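Spelled out, the chains give:
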Amino acid sequence: MAERSFKKEVQQLRIPAGQEFRGEGILAITKALLQSGVGYVGGYQGSPISHLMDVLADANEILQELDVHFETSASEATAAAMLAASVMYPIRGAVTWKSTVGTNVASDALANLASGGVTGGALIIIGEDYGEGSSIMQERSHAFAMKSQMWLLDPRPNLESIVQSVEDGFELSEASNTPVMLQVRIRSCHVHGRFITKENKRPRYTLKQALENPVRDTSRIVLPPASFAHEHEKIQQRWPAAVKFIREKKLNEFFDGDFKDIGLILQGGLYNGVIRALQLLGLADSYGNSRIPMYVMNVTYPVIDEEVVQFCEGKRAVLMLEEGQPDYIEQNLHAILRKAGVATHLSGKDVLPMAGEYTTAAMRAGIEAFLKAHQPDALATHEAVAADEVAEAAVAPVPKAKPAAVPITFHPKVKALADVVPPRPAGFCVGCPERPIFAAMKLAQADLGEHHVSCDIGCHLFSILPPFNLGATTMGYGLGAASSSAFNVKTGKRSISVMGDGGFWHNGLTSGIANAVFNKNDGVIVIVDNYYSSATGGQDIPSSRADNPDRSTKNPIEAAIKGAGVKWVRTIDRTYDVARMRDTLEEALTTTTDGPKVIIAQSECMLNRQRREKPIFTKKVKAGERAVKERFGVDPDVCTGDHACIRLSGCPSLSVKDSGDPLKEDPVAHVDSGCVGCGNCGEVAEAAVLCPSFYRADIIHNPTGGDRFIAKIRSAVIGWLQRRRAARLAQYAL
Amino acid sequence: MSNIVLHPGTPIKIAILAMGGQGGGVLADWIVEMAEHAGWWAQTTSVPGVAQRTGATIYYLELLPEAAAKAAGKPPTLAMMPTPGDVDLVVAAELMEAGRAMQRGLVAPDRTTLITSTHRSYSVTEKAALGNGIGDPNKVLDAGREAAKRVLAFDLQALAEKAGSVISASLFGAIAGSGALPFGREAFEETIRSSGKGVEPSLRAFALGFEAASKAPEVPAAIDTSRPAPVVPDRVANPEVQKLLDKVKAEFPPVAHGMLVAGLRRLIDYQDVAYAAEYLQKCGELRALDERNGGEAKGWALTQAAAHRVAVAMSYDDVIRVADLKTRGSRFERVKKEVGAKADQLVYTTEFMHPRLEEICGTLPAGLGRWLENSKGIGGFVKRKMEHGRRVRTGTLTWFLALYALAGMRRFRRSLLRHQIETAQQKDWLERVVRLVGKGDYDLAVETLHCRRIVKGYSGTHDRGDKRFAALMKAADELAGRPQAAVTLHQLLEAAMADEQGRQLDAQLGMLLKGNLTAGNQLARQAA
């Protein structure tokens, strides 16, 4: 069960041809796939294309109506290998993942795919997780296109261009027998925009037809001598075919401008930012009209030599805007211009940042520097946010102040904010079942000393951040255990590795568990099994407990681990039992049993659980049935404001508030209304022997007659005693 | 030269800063919906990243009249991210997020309307502090008054809760009420209605936000962060208590009255009137000492510190106290209110208790307690049998009666081991204070009183506080007679509260031993 349902939105995929579609980028991409007659789709979730996978899952009915096969691949390598269906058969296939991490995983299959080439169009939609909000290492996917010679599309970030490039991508792939990568940046995936739809198409050739009429062509298989021939074929046939197609179909765009002897060359994805930067310099309007000519590369690989030469000829200087490093395109342009004997000056990373995201501000500064050197009058003649036209505007322009040339971050009072504005790192959600695992790990370390902890990708990676501050490395999805493999030496302390259930099924079973068994690694491996691939939005995986009509779930991790040969396995089916969790960790760290010690820590992702259980609870209460809701609280007069509980929990609903007691100046702990009653607070307080201020309140909705009877007796006795004591105190009231 | 025509029309630019789960996306979608309905082009983007659970997210919107695009003959090209200095409306769903917006330069003095909720959602670093780690909210408003064209600041979270809704609805109302967008109230409300989810509560929250914004002052007032002073009554019913109150008023400087009354209140509640009288006696002695040593000129700092710290020290947190607080009728009512239980619902609480041998011994008569503590065999037996987590169901008769009886042991408290330990420690502490004042280290003595702040909590937390307190007392003795001794001791106290492991305190105490820690300059250098 994914975090967000697109059941309503996917109905937009049925919009008839010629109508306007309005919605999010990923939904538009799905529509574009259907309009292109795609035959099969696969992929692996991960921001920013998690929602694309969720949309496809929710659209399965529509996909089936069109004979389109969709599946959630086990990993990006699986997804890439899936494109093998387009090698021998004229079937269009598309896969998607988060890049560059997913492309790293997929690159073996991609390289093989690119070598043999494809018959049907093969499109790889990569969600480029680069710049602000990214959760991965900052690298470019561009290198993969170059090394395997696949074509890379980077369309302008509006829905019309993105949709068009999906369709173009398939055609380009087929015209050049080469897989095509379509790069969409984070913001493009989530942009709300509009485009005019076309009719959804059934695949020209179906998977069924292929299976019934198998084809085998050894010249397409990566085996010598065919593989040697492939390399030549890439250069002699596929590349020229691609260049021809790109030029004829005008995939790259030229925009005219007044300053004819200078120009800008840019990646399509940067277009909107460049226009805004020009606008802020008074050189463009809100509709893309620019005083400076532009060559927009919607295809960033291969670079089309002829187009570059054509654009640069007669120009004194051009500026290349290329995000990320190394500056592959800029280097390429230098070579092209030099070989062609074109004397145009080429600027790029000399005026723009070598590394990092190309924000509007960064590009404005770069363009300004370029113009200062090559066309200073362009800067002098125009006011910022120019509105040159005097024609009768249909609407009165909204009057507004000009943008500040320099934002006032230098003001002492704004600077002083650094003392109070706290960092807000991502953390575990309210009630997360992973929190007690790491609280237990902290407690175990308090008893047995600090240990080397290898982390992994997934929500559990938040254990690295405050308040847990655990973990030394993270080497890649599913590689938590593998990254402890060197510490396979006998000593007093064992390494601890953490892996999620998502990472486990992605590759951890082999790369981590089987590897540790085979190499007789003595370390401790904790597998966090929260029933979903939670970090990417709660998608099902083989060990999910959900009933999923389209997938086989409920395949236990424990069985897989035992099958791989692990002897010491402990399954904890309630991670909130902090004491048990701690004791099990301590046992794993001290036992004399050889080989890897694997602890499977299971509890359902609280986000998903709440989504599932809340409606059921509400329904029960509404029907008048007895239902008990649990919530936690803190007695403010018992709490002394040391916050040790928070240092072991970090739950967003466990906060602080003023004690209201003049004698207690430190704020006391406080559980806010977001509490879902997971019990972690109480368990931690108990296991760590903290303090008795936590309580769990069981709120009985619709109590039965029996409940009420007992409550009456209890409150008669308790109430009498309470009143007695209160009366004594009231006597001395001050 | 001009063959390119630049057309008029600049989009309205809006940035929404919210944390995961605050409904920033819903708010952005509402604005898009409303704008499109009114015939505008609307674009929104964000960098949510599904994994960014509690992190801060910026949603960015641009709106442009469709008629302008028609006139230009082209769809607009709108930016995907805010440019510093070029945003018309910044909406922050939490106060510190408004601060972050200013840090990022999104707020500009001549054009940006800044709407922020003043409520706080504390970050982990603020919450995890050993004392008070909360940032000063007024720094954000101070910066806002300089950085924005207009600041509208009020507790939109509280307004949303009042309406039984969520903050996105009250924020939407505040945007409407601010007049920062060219859409009428109707358009806003219609958007909520057509969303079809929780319409009524959303509209109520919207109305509250709208009203707050339309009545908002030009410049927002400072947030009151002061703590209310304790009320000092004129008369009380009980003659014995009245005597104590009279004594406070007659013998103590007015500046200490509030704290003394708070202290008396706490100790009567904790033990009895006689115990409170004992407290006042101790405070009276220190007041006399204060007077003899020029306390009046020092604002009675020693008396005030004593009134506060002695009360806390005397009401040490023991098992009896916990049992008492947990079984009170007022507590049962408070829990019901806090969990929002309705009249027809039943509420039972479960307490998480983990008594250790120390607590058990502490609750025994001093001699017996000591014997048990030192007896390996029986002590070990009790430890094994008793020391484990207990789920105490206070609402059941068995557990309630047990706790009630335990609370009733209050009358024997003075003879119990814990009391003996605490009293000895207090005596030692107050004697040190007297000694330091006698030596002319008035300020150091005041700081020595305040060091008691670190002793708090239960079990391990209490032991940790005790140890650090002892280290601070030793340091106070070392510092006696040195220049800047009080400032240094205060810095040591802060170091003691800087981290749980006590690394900072150890480091600074180490420097003190080596003679390197002389007052502020050394520390200042270190901090720099």
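About the criteria used
Residues numbered from 1 in each chain as written. Chains lettered and ligands numbered in written order. Predicted model: local features only at pLDDT ≥ 70, side-chain atom pairs only at ≥ 80, totals over all residues. Heavy atoms only, no water. Domains from an automatic or database assignment. Salt bridge = Lys/Arg side-chain N within 4 Å of Asp/Glu carboxyl O. 1 Å grid on protein atoms, 1.4 Å probe; cavity = no way out; pocket = protein on both sides within 12 Å on 5 of 7 lines; lining within 4 Å. Points joined across faces, edges and corners; volume = space filled by probe spheres on them. Helix = DSSP H or I, 4+ residues; strand = E, 2+ residues; numbered from the N terminus. Nonpolar A, V, L, I, M, F, W, Y, C, P; charged D, E, K, R; others polar. Contact = heavy atoms within 4.5 Å. Buried area = accessible area lost by both parts, 1.4 Å probe. Polar contact = N/O pair within 3.5 Å; in protein donor to acceptor, adjacent residues only side chain to side chain. Pairing = 2+ DSSP bridges. Axes fitted to C-alpha atoms, helices over the stretch in contact; angles between N-to-C directions. Buried < 20%, exposed > 50% of the residue type's maximum accessible area, 1.4 Å probe, protein only. Core = buried A, V, L, I, M, F, W, Y, C linked by side-chain atoms within 4.5 Å.

Chain B carries the name Conserved hypothetical indolepyruvate ferredoxin oxidoreductase. beta subunit in an unreviewed UniProt entry, which gives Azoarcus sp. as its organism.

Within an unreviewed UniProt entry, the label attached to chain A reads Conserved hypothetical indolepyruvate ferredoxin oxidoreductase, alpha subunit, and the organism entered is Azoarcus sp..

1. A word on the domain arrangement of chain A
Partitioning chain A into structural domains gives domain 1 (9-248), domain 2 (253-381), domain 3 (435-608), domain 4 (627-698) and domain 5 (703-734). A C-alpha centroid distance of 25 Å is found between domain 4 of chain A and domain 5 of chain A.

2. Some points on the pattern of salt bridges
Counting across every chain of the model gives 97 salt bridges over all chains. Through salt bridges that share partners, A:Arg424, B:Glu94, B:Glu97, B:Arg100, B:Arg120 and B:Glu126 make up one connected network.

3. A word on the layout of surface pockets
One number sums up the size of the second largest pocket: a volume of about 1100 Å³. In terms of lining residues, the second largest pocket is bounded by 36 residues, among which A:Lys442, A:Ala446, A:Leu648, B:Glu500 and B:Gln501 are the most central. It is helix α18 (residues 435-448) of chain A that contributes the most residues to the lining of the second largest pocket, six residues altogether. Looking at the lining of the second largest pocket, its residues break down into 19 nonpolar, eight polar and nine charged.

4. What about the domain arrangement of chain B?
Residues and elements named next belong to chain B. Domain parsing of chain B yields domain 1 (12-214), domain 2 (227-315) and domain 3 (319-418). Contact with domain 2, which involves eight residues of that partner, is made by seven residues of domain 3. Where domain 2 abuts domain 3, roughly 680 Å² becomes buried across the two surfaces, and 28% of that area is made up of carbon and sulfur atoms. Of all residues in domain 2, Asp269, Tyr270 and Gln271 bury the most surface against domain 3, accounting for 78% of the area lost on that side. Taken together, the connections running from domain 2 to domain 3 amount to four salt bridges. Asp269 is the partner of Arg328 in a salt bridge, and the nearest nitrogen-oxygen pair spans 2.9 Å. Applying the counting rule to domain 2 against domain 3 returns five residue pairs in polar contact (both at pLDDT 80 or more). When residues of the side of domain 2 that touches domain 3 are traced back to their parent elements, those giving at least two are α11 (257-270) and α12 (273-292). Classifying every residue of the side of domain 2 that touches domain 3 by side-chain character gives three nonpolar, one polar and four charged.

5. Some details on the sheet that holds strand β5 (residues 122-128) of chain A
All names here are of chain A. In space, the seven strands of this open sheet follow the order β3-β2-β4-β5-β7-β6-β12, with mixed pairing throughout. Single-partner strands in this sheet number two, and they are β3 (69-72) and β12 (299-301). On average, adjacent strands in this sheet sit at an angle of 20 degrees to one another, irrespective of strand direction. Sitting on the sheet, helix α8 (residues 159-176) touches β4 (93-99), β5, β6 (151-153) and β7 (180-185), and the angle it makes with β7 is about 160 degrees.

6. Let's talk about empty space enclosed by the protein
Inspection of the entire model under this criterion finds seven cavities of 30 Å³ or more. Considered as a void within the structure, the largest cavity measures approximately 260 Å³ in volume. Forming the walls of the largest cavity are 20 residues, and the residues nearest its centre are A:Arg185, A:Arg187, A:Gly269, A:Glu357 and B:Met81. Elements that contribute at least two residues to the lining of the largest cavity include exactly α9 (186-190), α12 (271-280) and α15 (360-374) of chain A. Within the lining of the largest cavity, the residues separate by chemical class into nine nonpolar, six polar and five charged. Here the second largest cavity is characterised by a volume of approximately 140 Å³. As for the second largest cavity, its lining consists of 15 residues, of which A:Asp642, A:His643, A:Ala644, A:Cys645 and A:Cys691 are closest to the centre. When the residues that make up the lining of the second largest cavity are grouped by side-chain class, the tally is eight nonpolar, six polar and one charged.

7. Structural notes on the environment of A:Gly650
Residues and elements named next belong to chain A. On the secondary structure map, Gly650 appears in the loop between α23 (644-647) and β22 (654-657). On the basis of relative accessible area, Gly650 is assigned to the buried category, the value being 13%. Taking the C-alpha atoms as reference, Gly650 lies 7.9 Å from Arg435; in sequence the two are 215 residues apart. Those residues in contact with Gly650 that sit more than four places away from it in its chain are Arg435 and Pro467.

8. Describing the environment of A:Ser484
Residue and element names in this part refer to chain A. Structurally, the position occupied by Ser484 is in the loop between β16 (473-474) and β17 (496-500). For Ser484, a relative accessible area of 2% corresponds to the buried category. Taking the C-alpha atoms as reference, Ser484 lies 51 Å from Lys249; in sequence the two are 235 residues apart. A polar atom in the side chain of Ser484 sits 2.9 Å from the side chain of Ser497.

9. Overview of the nonpolar core
A general tendency of soluble globular proteins is for nonpolar side chains to be buried together. Core analysis: the biggest nonpolar cluster contains 94 residues, and A:Leu33, A:Trp97, A:Leu123, A:Ile124, A:Leu172, A:Ile265 and A:Leu333 have the highest contact counts within it. Counting contributing residues, this core receives three or more from each of domain 1 (9-248) and domain 2 (253-381) of chain A. Apart from the residues lying within four places of it in its own chain, the contact partners of A:Leu172 are A:Trp151, A:Leu153, A:Val180, A:Ala242, A:Phe245, A:Ile246 and A:Leu251. Residues B:Ala276, B:Ala306, B:Leu430 and B:Leu509 belong to the second largest nonpolar core, which totals 64 residues.

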